Amino acid sequence: MGRAMRKSVWTFQMFVRFVCVIVWLFVLCKGQEDMMSSSIGPMKKQEQEALFSAIQGFVGNSWNGSDLYPDPCGWTPIQGVSCDLYDGFWYVTAIKVGPVYDNSLRCTRRAGFTHHLFMLKHLRILSFFNCFFSPHKNPVRIPTSNWEIFTNTLQSLEFRSNPGLIGTIPNTIGYLKNLQSLVILHNGLRGELPPEIGNLVKLRRLVLAGNRFVGRIPESFGDLIELLIIDLSRNKVSGSLPLTFGNLTSLLKLDLSNNMLKGELPAEIGRLRNLTVLDLGSNKFSGGLAPALEQMVSLKDMVISNNPIGGDLNGIQWQKLKELEVLDLSHMGLKGEIPESMTELKMLRFLGLNNNSLSGNVSPRLGSLPCITSLYVYGNNLTGKLEFSEGFYRKMGKRFGAWDNPNLCHLQGALMSETGNFPNGFEVGGDHGWVVPKAKHDRQMYNQWASQNRFKVDDTVHFKFKKDSVLVVSEEEYEKCHSAHPLFFANDGDGVFKLDRPGLFYFISGAAGHCERGQKMIVKVIEPADPPKSDNNTTADSSNKSGATAMAVVSSPAVVLFMLSFFGVL
């Protein structure tokens with residue numbers, strides 16, 4: 001009996017101890033939770049209400065943030081919204097609206113701006129991607145007022161792929177004195193460029209491409225001396241190139257292609273000695289090639305094609321441009337001989353001199369350039385005999401063109417008929433093939449590969465792989481790394497796709513997780529243009545010559561890709 005009593009007492013004591021441990025653990029965890037909550041910091045009600053109302057203006061009133069705990073910057077944050085602590089409270093510092101990720105904030109068909117956006121006074125980053133869809137059913141304009149609220153805070157402002165965004169750039173954008181990146185890309189905006197953009201003296205990237213801007217480039221743009229990138233391509237900007245651009249000595253990329261610019265290239269352009277990419281293609285420049293071009297010693301890409309420049313090639317000491325990799329001078333009404341100094345460009349990969357009125361012989365040393373992969377001299381008045389080796393023809397295949405030179409003798413046609421095995425396309429990735437990049441720093445390997453080649457319409461790209469696939473998708477599907485209805489699909493280990501039009505092509509891997517790890521690629525084929533009429537009265541024959549070069553590029557060559565990623569883009 002005593003033994004049973006002692007056992008019962010022992011059991012009771014163990015139970016009490018167990019209960020105490022449970023209570024102690026509960027109190028401890030509760031205390032740690034309270035400490036964590038207090039250390040995280042709350043968000044003021046006014047800030048939260050302004051954020052929710054601003055977001056609802058874009059995504060609709062059905063969204064109320066009810067699933068966020070304990071607030072929009074707590075353990076379950078909003079995808080695309082970032083916060084920082086100021087004086088112990090959370091404040092919104094970044095808003096990115098658009099279908100970048102599967103769980104991103106997506107705009108409704110009635111999306112629009114509300115005044116609540118300007119109540120978020122600590123905003124540093126503001127971005128809208130594919131948010132405003134229709135210029136007819138729901139046209140949206142950039143607000144004209146309240147930008148002064150962000151004078152000292154906003155560092156990056158972006159509007160990308162918004163066809164429903166219409167109107168003009170408000171001159172009040174000039175209040176954003178702390179802005180470092182202004183990207184207004186592929187929207188429905190029009191009108192003249194406001195000179196007040198020249199007030200943004202901290203700006204390092206200015207991208208206004210793919211809109212409908214008109215008028216002259218403001219002289220005030222030359223005050224943006226910290227600029228690294230200017231891209232005004234694919235608009236209808238006219239007038240001459242501002243002389244003040246010579247002040248932009250830090251510039252790495254200048255793209256003014258596909259506009260209506262005219263006049264002579266100013267000597268001041270030679271001051272841009274850090275420039276690596278110069279694209280003035282498809283404008284109305286004239287007056288010959290400026291000798292100052294030879295001073296741009298850092299250039300890797302020079303594209304001046306499809307301009308009625310006229311003149312000859314002998315006014316430039318080409319050997320000074322030792323870094324040059326891409327030189328496109330096609331469709332320019334050029335006369336005279338091809339200078340021997342071009343054979344000193346040891347880094348040159350692409351040379352386009354086609355559809356001009358060039359004469360004389362072609363130096364066999366051009367075929368011996370160590371890096372050359374594309375050479376086009378067709379559509380000229382060249383004479384003599386091509387003395388390239390048979391190995392050169394086999395190596396170049398369709399990437400060499402010398403036809404439409406009536407007095408030029410060459411062996412290309414004979415070799416093609418004998419061998420029948422010229423390469424008619426590009427093998428993606430070279431020796432690597434179509435594989436998943438092994439390391440994070442290799443995730444741009446395919447876009448970098450594309451930047452090292454130049455393509456024409458009707459070229460093909462070959463994908464070789466094992467246990468994988470390749471899809472051609474839309475831009476939105478490329479960003480999401482997913483496509484339910486691809487334009488092209490191959491999973492047999494050897495996919496071939498024909499580039500049948502100018503423009504952009506988006507390729508991704510269809511294997512789970514591969515695209516997210518960098519197995520994707522963007523190829524851009526430049527739109528062909530008719531040869532322009534030169535101010536030097538080029539012949540009717542040369543004005544009727546067809547054929548244009550195209551190039552595969554990404555968001556930009558490798559150097560520009562690096563700068564874009566450094567400042568938060570690509």
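This structure is a prediction, so every number in the text was calculated from the model and none was measured. (Residues numbered from 1 in each chain as written. Predicted model: local features only at pLDDT ≥ 70, side-chain atom pairs only at ≥ 80, totals over all residues. Heavy atoms only, no water.)

S.K.: Looking at this structure, how should I read the sheet that holds strand 23 (residues 381-385)?
M.R.: Backbone hydrogen bonds are what pair the strands of a sheet, in a parallel or an antiparallel way. One open sheet holds the four strands; their spatial order is 19-21-23-25, and the pairing between them is parallel. Two strands in the sheet have a free side with no partner beyond their single neighbour: strand 19 (335-337) and strand 25 (407-409). Along the sheet, successive strands turn relative to each other by an average axial angle of 30°, direction set aside. Relative to strand 23, strand 21 (residues 357-360) is paired through two bridges, and the arrangement is parallel. If you follow S359 over to strand 23, its bridge partner there is N381. (Pairing = 2+ DSSP bridges. Helix = DSSP H or I, 4+ residues; strand = E, 2+ residues; numbered from the N terminus. Axes fitted to C-alpha atoms, helices over the stretch in contact; angles between N-to-C directions.)

S.K.: Would you take a moment to explain the nonpolar core for this structure?
M.R.: One recurring pattern in soluble globular proteins: nonpolar side chains tend to sit buried together. In this structure, L289 and L329 are the most contacted members of the largest nonpolar core, which totals 112 residues. Taken together, the elements giving at least two residues each to this core come down to helix 2 (45-59), strand 1 (81-86), strand 2 (89-97), strand 3 (125-129), strand 5 (156-162), strand 7 (181-187) and helix 3 (390-396). Looking at this core element by element, the count peaks at seven residues for helix 2. In this structure, L289 is in contact with I304, I309, G310, D312, L313, I316, W318, L329, M332 and L334, ignoring residues within four places of it in sequence. Listed in part, the 21 residues of the second largest apolar core include V472, F488, F505 and V523. (Core = buried A, V, L, I, M, F, W, Y, C linked by side-chain atoms within 4.5 Å. Buried < 20%, exposed > 50% of the residue type's maximum accessible area, 1.4 Å probe, protein only. Contact = heavy atoms within 4.5 Å.)

S.K.: Got a minute to help me understand the pattern of salt bridges in this structure?
M.R.: As a working rule, side chains carrying opposite charge can pair if their charged atoms are close by. Going through the model one piece at a time under the given rule, you end up with 16 salt bridges. One salt bridge in this structure joins K300 and E325, with 3.7 Å as the shortest N-O distance. With K300 in the loop between strand 16 (284-285) and strand 17 (301-303) and E325 in the loop between strand 17 and strand 18 (326-328), this residue pair connects regions lying 25 residues apart in the sequence. Three or more residues are tied together by salt bridges with common partners; here these are K300, E323, E325 and R349. (Salt bridge = Lys/Arg side-chain N within 4 Å of Asp/Glu carboxyl O.)

S.K.: Would you mind going over the state of the cysteines with me for this structure?
M.R.: Among covalent bonds in proteins, the disulfide is the one between the sulfur atoms of two cysteines. Across all of its chains, the model carries two disulfides by this definition. Disulfide pairing places C481 opposite C515 at an S-S distance of 2.1 Å. Across the disulfide from C481 to C515, rotation about the S-S bond amounts to roughly -65°, and the bridge is consequently left-handed. In this pair, C481 sits in the loop between helix 6 (475-480) and strand 29 (488-490) while C515 sits in the loop between strand 31 (503-508) and strand 32 (520-525), placing the two residues 34 residues apart along the sequence. Note on C481: relative accessible area 13%, which makes it buried. On the accessibility criterion, C515 (1% relative accessible area) is buried. (Disulfide = S-S within 2.5 Å.)

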